[in-house]
Amino acid sequence: PTRADITYFGAGPAALPTDVLETAAQALLDYNGTGLGIAEHSHRSELATNIINEAKADLANYLDIPAADYDVIFMQAGGTGEFAASVYNLVGAWVARQHAEVLKEPWDGANEDAVVAALRHRIQRDLKLDYIVTGGWSLKAYQEAVRLLGPEYVNLAADARTNNDGKFGKIPDPSTWKLSKDAALVYYCDNETVDGVEFPEFPSVLAPREDGSGPIVVADMSSNILSRRVPVSNYSLLFFGAQKNLGCTGVTVAVLKKSFLPPTTTQPSPALLRKLGLPIPPIMLQYETIAKNNSLYNTLSIFDVYIAGLVLKKLLKTFPDKVDGQQAVAEKKASIIYAALEAYPDVYHIVPDKSVRSRMNICFRVTKNGNVDETEKAFLKEATSLGLTGLKGHRSVGGIRASNYNSIPLEGAEKLARFIDAFAKA
Ligand code: PLP
């Protein structure tokens, strides 16, 4: 088959628009008549800086990120690296705040041992990171926090498997979340790629209070960023790998509330962290360092940022009302596919609860004559023969998963819906 024959529903890396790839292919050979390809130019060159700055500005424009309060950085950590980075950086910010308070106390702040002892006491008494676990990816983030800090500091504030047969597929009612007082962070995954569970909206229990204070909210938006409006100012940190809706694998974006960056906060020194028994962040996971260097502390793949920039330019051109325009399309495509599945309840079982169905990763099982495995094999085989590929569910859960990312055109969703209908009828 050729590209034109295929609609690729893979969960990530996802398909990229063909015109973006054509432009990028040319740029790999010769970027803008420089005689040198984009992947060969120095990341320290002016053209690289321009590519970074433009992609940042276009992202901020498309998502309406308040530039005065937020910074955008490009990293190479992947979503998985951000699980660790969020822990390191927000524990660091928490320690920095405690440190400042301890120094205010009416005693000899110059006595370093006493300061360390006071901080240790506060850490043991008060340090908590809250995790809302609603699927495989937030589970991994929770496990990483436990691995880095130890279980005593990590609070499983909600686990969607409880009261649900030990399976993911629901979001526990936020009124039942066991949130800590003044947690160093409250973490959740906005769209669970493996389980097909998406938060329908920002959880209002985490909203900032009227005086602007409120929980320190961190969200993984790897698989639904750029597909709907995000209330950015409710977050202290949101992050996403590029390889679903933004670009190709290799670049990860973190959107940071500037109050976690200098001069407002400075991460505690390695020496202090060592004394406190807390982990020291690798330098390339330290947001402060990356932000101070405009994402160029070390060699960044400018090619990947360039692709992301092309995707953003295309989105801005296609949707004059920016992310709201893409959101309408994403919702329409998802509703077409879900409607096709719902028409045959004897054949298709949609995995997550209706209230939390993802618009991006549509997870379902297919059964005929009581036989799931054979039927799903046949479903995948016939779909592939029609050019509908990448539909196999994640290895940990099986089943079928149609990843309905931004690069799937409306016609692609319609073609899949027609196949869902025809397969059930046959
Ligand atoms: N978070 C989510 C929601 C994901 O879907 C993924 C990967 O698919 C990750 C994190 C991990 O990303 P990476 O493989 O880039 O580390």
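Residues numbered from 1 in each chain as written. Predicted model: local features only at pLDDT ≥ 70, side-chain atom pairs only at ≥ 80, totals over all residues.

To keep things clear, this is the line we draw: UniProt positions are given in the numbering used here, feature names are shortened, and annotations may be inferred rather than shown by experiment.
By the naming in an unreviewed UniProt entry, the protein is phosphoserine transaminase, taken from Parathielavia appendiculata. Regarding the protein, the relevant UniProt record gives this comment under Pathway (unreviewed entry): "Amino-acid biosynthesis; L-serine biosynthesis; L-serine from 3-phospho-D-glycerate: step 2/3."

So, the overall build of the protein
Definition in use: In this description a helix means any DSSP run of H or I spanning at least four residues, a strand means any run of E spanning at least two, and both kinds are numbered starting from the N terminus. In this scheme the burial state of a residue depends on its C-beta neighbours within 10 Å: 20 or more other such atoms mean buried, 12 or fewer mean exposed, and anything in between means partly exposed; the C-beta positions come from the backbone. Contacts are defined on C-beta atoms placed from the backbone: any two residues whose C-beta positions lie within 7 Å are in contact.
The number of helices and strands found in the protein is 11 helices and 14 strands. Scored against the burial criterion, the 426 residues of the protein give a buried share of 43%. Sequence separation of 24 or more characterises 72% of the internal contacts of the protein that already satisfy a separation of 6 or more.

Considering the sheet that holds strand β10 (residues 252-257)
By definition, the strands of a sheet pair up through backbone hydrogen bonds, in either a parallel or an antiparallel sense. Operational definition: By this definition, two strands are paired if DSSP reports at least two bridges between them. Angles shown run from 0 to 180 degrees and are taken between the N-to-C directions of axes, each axis being a line fitted to C-alpha atoms and, for helices, limited to the stretch in contact.
The strand order β2-β10-β9-β8-β5-β3-β4 describes an open sheet built from 7 strands, whose pairing is mixed. Because the sheet does not close on itself, it has two edges, and the strands there are β2 (70-75) and β4 (154-159). With strand direction ignored, the average angle separating the axes of adjacent strands in the sheet is 20°. Two strands pair when backbone bridges link them, and strand β3 (residues 129-133) and strand β5 (residues 185-189) are joined in this way by 3 bridges, in the parallel orientation. Looking across to β5, one finds that Asp130 is bridged to Val186. Here helix α5 (residues 136-149) sits on the sheet and contacts β3, β4, β5 and β8 (217-220); the angle it forms with β3, its principal contact strand, is near 155°.

What to know about the pairing of β8
Here β8 shows no split at all, with Val217 and Ala219 on one side and Val218 and Asp220 on the other all buried. With 3 bridges joining them, β8 and strand β9 (residues 237-241) adopt parallel strand pairing. Looking at β9, one finds that Asp220 is bridged to Phe239.

Describing the domain arrangement of the protein
The following threshold applies: Residue ranges for the domains trace back to a domain assignment, done automatically or taken from a database. Three classes are used: nonpolar for Ala, Val, Leu, Ile, Met, Phe, Trp, Tyr, Cys and Pro, charged for Asp, Glu, Lys and Arg, and polar for all others, with Gly counted as polar.
Taken domain by domain, the protein comprises domain 1 (49-305) and domain 2 (321-425). Spacing between the C-alpha centres of domain 1 and domain 2 amounts to 32 Å. Facing 22 residues of domain 1, the contacting portion of domain 2 comprises 24 residues. Elements with a minimum of two residues in the side of domain 1 that touches domain 2: α2 (46-63) and β7 (197-198). Partitioning the side of domain 1 that touches domain 2 into residue classes produces 7 nonpolar, 9 polar and 6 charged.

Some points on helix α9 (residues 323-342)
Threshold: To estimate the expected span of a helix, subtract one from its residue number and multiply by 1.5 Å. Our arc is simply the arc of the directions from the helix axis toward the C-beta atoms.
Taking 1.5 Å of rise per residue, the 20 residues of α9 would be expected to cover 28 Å, and the 28 Å separating its terminal C-alpha atoms lies within 8% of that figure. Within α9, the full set of buried residues consists of Val323, Gln326, Ala330, Lys333, Ala334, Ile337, Tyr338, Ala340 and Leu341. For α9, the angular spread of the buried residues around the axis is 155°, confining them to a single face. Turned more than 90 degrees off the buried face of α9, the exposed positions are Asp324 and Ala339. The secondary structure elements touched by the buried residues of α9 are α2, α8 (302-318), β11 (348-350), β12 (361-366), β14 (400-403) and α11 (410-425).

Quick word on the sheet that holds β12
Taken in spatial order, the 3 strands of this open sheet run β11-β12-β14, and their pairing is antiparallel. Of all the strands in the sheet, the pair left with one neighbour each is β11 and β14. The sheet shows a mean angle of 35° between the axes of neighbouring strands, taken without regard to direction.

Points about the packing of helix α3 (residues 78-104) against helix α4 (residues 112-126)
The test is simple: An angle below 35 degrees is treated as roughly parallel, one above 145 as roughly antiparallel, one from 65 to 115 as roughly perpendicular, and anything else as oblique. Crossing handedness is defined as follows: a turn of the near helix away from the far one that is anticlockwise and smaller than a right angle gives a left-handed crossing, while the clockwise case is right-handed.
Running from amino to carboxyl end, α3 crosses α4 at an angle of 130°, the nearest separation of the two axes being 10 Å. The orientation of α3 with respect to α4, classified from their angle, is oblique. Relative to α4, the crossing made by α3 is right-handed. Contacts between α3 and α4 involve Val95, Gln98, His99, Val102 and Leu103 from the former and Val115, Ala118, Leu119 and Arg122 from the latter. Looking at the contact of α3 with α4 residue by residue, the class counts come to 6 nonpolar, 2 polar and 1 charged.

Quick notes on the site of the ligand
Defined as follows: As a rule, any residue with its backbone-derived C-beta atom within 6 Å of a molecule or strand is reported as near that molecule or strand.
Around the ligand, the surrounding shell consists of Gly12, Gly78, Gly79, Thr80, Trp137, Cys189, Thr193, Asp220, Ser222, Ser223 and Gly241. Element by element, the count of residues in the shell around the ligand is highest for α3, at 3 residues. Across the shell around the ligand, the residue classes break down as 2 nonpolar, 8 polar and 1 charged.

Section: the environment of Ala417
Secondary-structure assignment places Ala417 in helix α11. Overall, the presence of 20 C-beta atoms within 10 Å leaves Ala417 in the buried class. Between the C-alpha atom of Ala417 and that of Ile336, which follows or precedes it by 81 residues, the distance is 6.6 Å. Here Ala417 is in contact with Ile336, Ile337 and Ala340, once residues within four sequence places are set aside.

A few points about the UniProt feature "domain: Aminotransferase class V" (unreviewed entry) in the protein
The UniProt record annotates "domain: Aminotransferase class V" (unreviewed entry) at residues 8-92 and 115-407. Helix makes up 53% of residues 8-92 and strand 8%. Its end C-alpha atoms lie 41 Å apart. Across residues 115-407 one finds 31% helix and 17% strand; the C-alpha atoms that close the span lie 54 Å apart.

Describing the environment of Tyr62
Structurally, the position occupied by Tyr62 is in helix α2. On the neighbour-count criterion, Tyr62 (19 C-beta atoms within 10 Å) is partly exposed. In sequence terms Tyr62 and Arg229 are 167 residues apart; their C-alpha atoms lie 9.3 Å from each other. Not counting residues within four places of it along the chain, the set of residues in contact with Tyr62 comprises Leu226, Leu312, Leu315, Leu316, Lys322 and Val323.

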